[in-house]
Amino acid sequence: MARRETLTHTSRASRDMSRSATLFERAQRLMPGGVSSPVRAFGAVDGTPLFMQRGFGPYVADTDDNEYVDYVLSWGALILGHAHPDVVDAVTRQAALGTTFGAPIEAEAELAELIVRAMPAVEMVRFVSSGTEAVMSAVRLARAATGRSKLLKFAGCYHGHADAFLVQAGSGMATLALPDSAGVTARAAADTLVAPYNSLTAVEALFAEYGASIAAVVVEPVAANMGLVLPEPGFLPGLRAVTQQYGALLIFDEVVTGFRVSLGGAQQHVGVFPDLTCLGKVIGGGLPAAAYAGPEALMRLVAPTGPVYQAGTLSGNPLAMAAGIATLRALAAPECFAQLGERSRVLAQVVRDAAAAANVPLQANSLGGLWGFFLTQTRVVDYTSARTTDAARFAQLFHALLDEGVYLAPSPFEAAFVSFAHDDRTLDRTRRAMMQAFDHIARHPVGARQSDKRR
Ligand SMILES: *Cc1c(COP(=O)(O)O)cnc(C)c1O
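Rules of the game
Residues numbered from 1 in each chain as written. Predicted model: local features only at pLDDT ≥ 70, side-chain atom pairs only at ≥ 80, totals over all residues. Heavy atoms only, no water. Helix = DSSP H or I, 4+ residues; strand = E, 2+ residues; numbered from the N terminus. Rg over C-alpha atoms; globule rule 2.2 N^0.38 Å. Buried < 20%, exposed > 50% of the residue type's maximum accessible area, 1.4 Å probe, protein only. Contact = heavy atoms within 4.5 Å. Areas by Shrake-Rupley, 256 points an atom, 1.4 Å probe, with all protein chains shown as cover. Near = heavy atom within 4 Å. Polar contact = N/O pair within 3.5 Å; in protein donor to acceptor, adjacent residues only side chain to side chain. Nonpolar A, V, L, I, M, F, W, Y, C, P; charged D, E, K, R; others polar. Pairing = 2+ DSSP bridges. Axes fitted to C-alpha atoms, helices over the stretch in contact; angles between N-to-C directions. Left-handed = near helix turned anticlockwise from the far one by under 90°. Phe/Tyr/Trp six-rings, centres within 6.5 Å; stacked < 30°, edge-to-face > 60°. 1 Å grid on protein atoms, 1.4 Å probe; cavity = no way out; pocket = protein on both sides within 12 Å on 5 of 7 lines; lining within 4 Å. Points joined across faces, edges and corners; volume = space filled by probe spheres on them. Domains from an automatic or database assignment. Buried area = accessible area lost by both parts, 1.4 Å probe. Salt bridge = Lys/Arg side-chain N within 4 Å of Asp/Glu carboxyl O.

Participant: I'd love a proper account of the overall build of the chain, names of residues and values included.
Facilitator: When helices and strands are counted, the chain shows 17 helices and 14 strands. The C-alpha atoms of the chain give 21 Å as radius of gyration, which agrees with the globular expectation for 455 residues (23 Å, within 12%). Along the longest, intermediate and shortest principal axes, the C-alpha atoms of the chain span 60 × 55 × 45 Å. By the burial criterion, 57% of the 455 residues in the chain qualify as buried. Here the analysis covers contacts within the chain between residues at least 6 apart in sequence; of these, 73% occur between residues at least 24 apart. Total accessible area on the chain is roughly 18700 Å²; 53% of this is exposed by carbon and sulfur atoms.

Participant: If you had to explain the site of the ligand to someone new, which residues and values would you point to?
Facilitator: Near the ligand you find Ser130, Gly131, Thr132, Tyr158, His159, Gly160, Glu220, Asn225, Asp253, Val255, Val256 and Lys281, and these make up its full shell. The separation between an oxygen atom of the ligand and a polar side-chain atom of Thr132 is 2.8 Å. The contact in question runs from a nitrogen atom of the ligand to an N or O atom on the side chain of Asp253, over 2.6 Å. Of the residues in the shell around the ligand, the class split is three nonpolar, six polar and three charged.

Participant: Now, about the sheet that holds strand S12 (residues 370-374): what can you tell me, with residues and values included?
Facilitator: Strand order in the open sheet made by the three strands is S11-S12-S14, with antiparallel pairing throughout. Two strands lie at the open edges of the sheet, namely strand S11 (363-367) and strand S14 (416-417), each paired on one side alone. Looking at chain direction, S11 and S12 are connected through five bridges and run antiparallel. Of the residues in S12, the one forming a bridge with Ala364 is Phe373.

Participant: Requested: an account of the packing of helix H5 (residues 106-118) against helix H13 (residues 318-330), with residues and values cited.
Facilitator: It is the contact of H5 with H13, at a shortest axis distance of 9 Å, that shows an interaxial angle of 30°. Handedness of the H5/H13 crossing: left-handed. Contacts between H5 and H13 involve Ala107, Glu108, Glu110, Leu111, Leu114 and Ile115 from the former and Met321, Gly324, Ile325, Leu328 and Arg329 from the latter. Tallied by class, residues from the contact of H5 with H13 come to seven nonpolar, one polar and three charged.

Participant: An account of the packing of aromatic side chains is needed here, citing residue identities and associated values.
Facilitator: Here the structure, examined in full by the defined rule, presents 13 aromatic pairs. Note on Phe154 and Tyr197: the rings are 6.1 Å apart at their centroids and 90° apart in plane angle, and the pair reads as edge-to-face. Taken together, the residues Phe154 in strand S5 (residues 150-155) and Tyr197 in the loop between strand S6 (192-196) and helix H9 (200-210) connect sequence positions 43 residues apart. Note on Phe154: relative accessible area 0%, which makes it buried. We classify Tyr197 as buried; its relative accessible area is 1%. Through pairs of rings, three or more aromatic residues link up here, namely Phe42, Phe373, Phe394, Phe398 and Phe438.

Participant: With reference to specific residues and values, describe the layout of surface pockets.
Facilitator: Its volume calculated, the second largest pocket comes out at about 630 Å³. Residue lining of the second largest pocket: 30 residues in total, with Glu108, Val125, Arg126, Phe127 and Pro304 positioned closest to the centre. Among the elements of the structure, H5 and strand S4 (124-128) are those that each provide at least two residues to the lining of the second largest pocket.

Participant: Before we move on, can you summarise empty space enclosed by the protein with the specific residues and values?
Facilitator: The tally for this structure, following the rule as stated, stands at one cavity of 30 Å³ or more. Looking at the largest cavity, its volume works out to about 90 Å³. Contributing to the lining of the largest cavity are Trp371, Gly372, Phe373, Phe394, Leu408, Ala409, Ser411, Pro412, Glu414, Ala415 and Ala416. Grouping the amino acids of the lining of the largest cavity by side-chain chemistry returns eight nonpolar, two polar and one charged.

Participant: I'd like a rundown of the domain arrangement of the chain, residues and numbers included.
Facilitator: Domain annotation of the chain identifies domain 1 (12-70 + 334-443) and domain 2 (85-330). Each partner contributes to the interface: domain 1 provides 27 residues, whereas domain 2 provides 29 residues. Between domain 1 and domain 2 the total buried area reaches about 2200 Å² when both faces are included, carbon and sulfur atoms providing 66% of it. Looking at the side of domain 1 facing domain 2, the largest losses of area belong to Phe337, Leu367 and Tyr383, adding up to 29% of the total buried there. A salt bridge links Arg379 to Glu232; the nearest nitrogen and oxygen atoms lie 3.3 Å apart.

Participant: For the pattern of salt bridges, give the residues involved together with the corresponding values.
Facilitator: The tally for this structure, following the rule as stated, stands at twelve salt bridges. In this structure, the salt-bridge partner of Glu110 is Arg329, at a minimum N-O distance of 2.9 Å. Highlighted residues: Glu110 in helix H5 and Arg329 in helix H13, separated in sequence by 219 residues. The salt bridge partner of Glu113 is Arg117, with a shortest N-O separation of 3.8 Å. Of this pair, Glu113 and Arg117 both sit in helix H5, separated by four residues, roughly a single helical turn. Linked through salt bridges whose partners overlap, the residues forming this network are Arg54, Asp65 and Glu67.

So, in structure tokens, the structure goes:
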């Protein structure tokens, strides 16, 4: 299937009368917005979300049999692409042996070993089922270890949907432009301090005022939930120094960057080592698994060896462990991440070239298996500058790319991903699609109709 020269796909007009459209109507009667997670509803780009039915390598196919080059990859979870044979094999074997026991299994130690061996700052691991749980639990652990209550995070960084993080969060929150979530009490948010990403000055000022009560700084070491924003050279070393100076912990939320930026995550790439590391996405190989991890002295504070309670019925799930092990084993070759980084670099250049040819202002960057762009002239270093991206124009580009058979995340505030399955032919196809799509948006300036994206 992946060998086919052309993909089948249709225009936006026919998408609005598609099987996806029918399914969307049905789903909206049964589930809020018709979805299980908000950005999937296409609110930021308008139109009908594609209901997917299968994935193969770098491609996905929707229920109308339209095929797309996939740069969402389940929000970065699928670093080997869809339905990688090793993962399919591992999961089906395990499924036949039982899907869950609620008891320890050998595969947990196996996956933990692969993580410990790869990640410099990790000696012990606790598995959970989602990135939200991982970061929420890491913060609980940091509060227990320090006896302090406050948490410092960065505007535009997303750490899952636990109450304490829904303060100027990225991802869906950035898309919906909500400053906060309803249902989060002032008290739950009161212990969260927020600084602009890449602003060490702001962090130092907050420590000067609240230093004695800050338990932890939590950061995406490469920000991938307000689009892709890279850390400035001194930023992460500065966070390491200031947290050490004040006796606070440094938590790297590597739910996206773990096993995607390098085998040892962003921490290995930048050479800055956090106290606690949160993982998710790639480590579950496309099934629900996540983890928080760190040195033995800290991790022993977690129950049953320590006083920090945290548990999960499906934690360390056998299917997820099997998929995670198959995935991490496939990443072990040393040249892997150099190749992945090269593909992302090419993709960033592809959008730069397409935008330049069409005279559309654009900022693009890439790192490891991450790439992304903003439709702006402004250099993007934080959430404020990220928001200068032209959201209406992005929506137009997004649909033009679907017309050309390329599927990006349906929001201007998401990073794009690449997998090991994206080969030269996939990239060539993407290059042609980008040239067409940028040419289209240059020739059809956004009208007032599309500015109403929050309906
Ligand atoms: C996706 C993500 C999370 C949340 O993970 P879920 O599995 O969706 O709960 C947390 N942190 C970062 C950086 C993420 O990208």
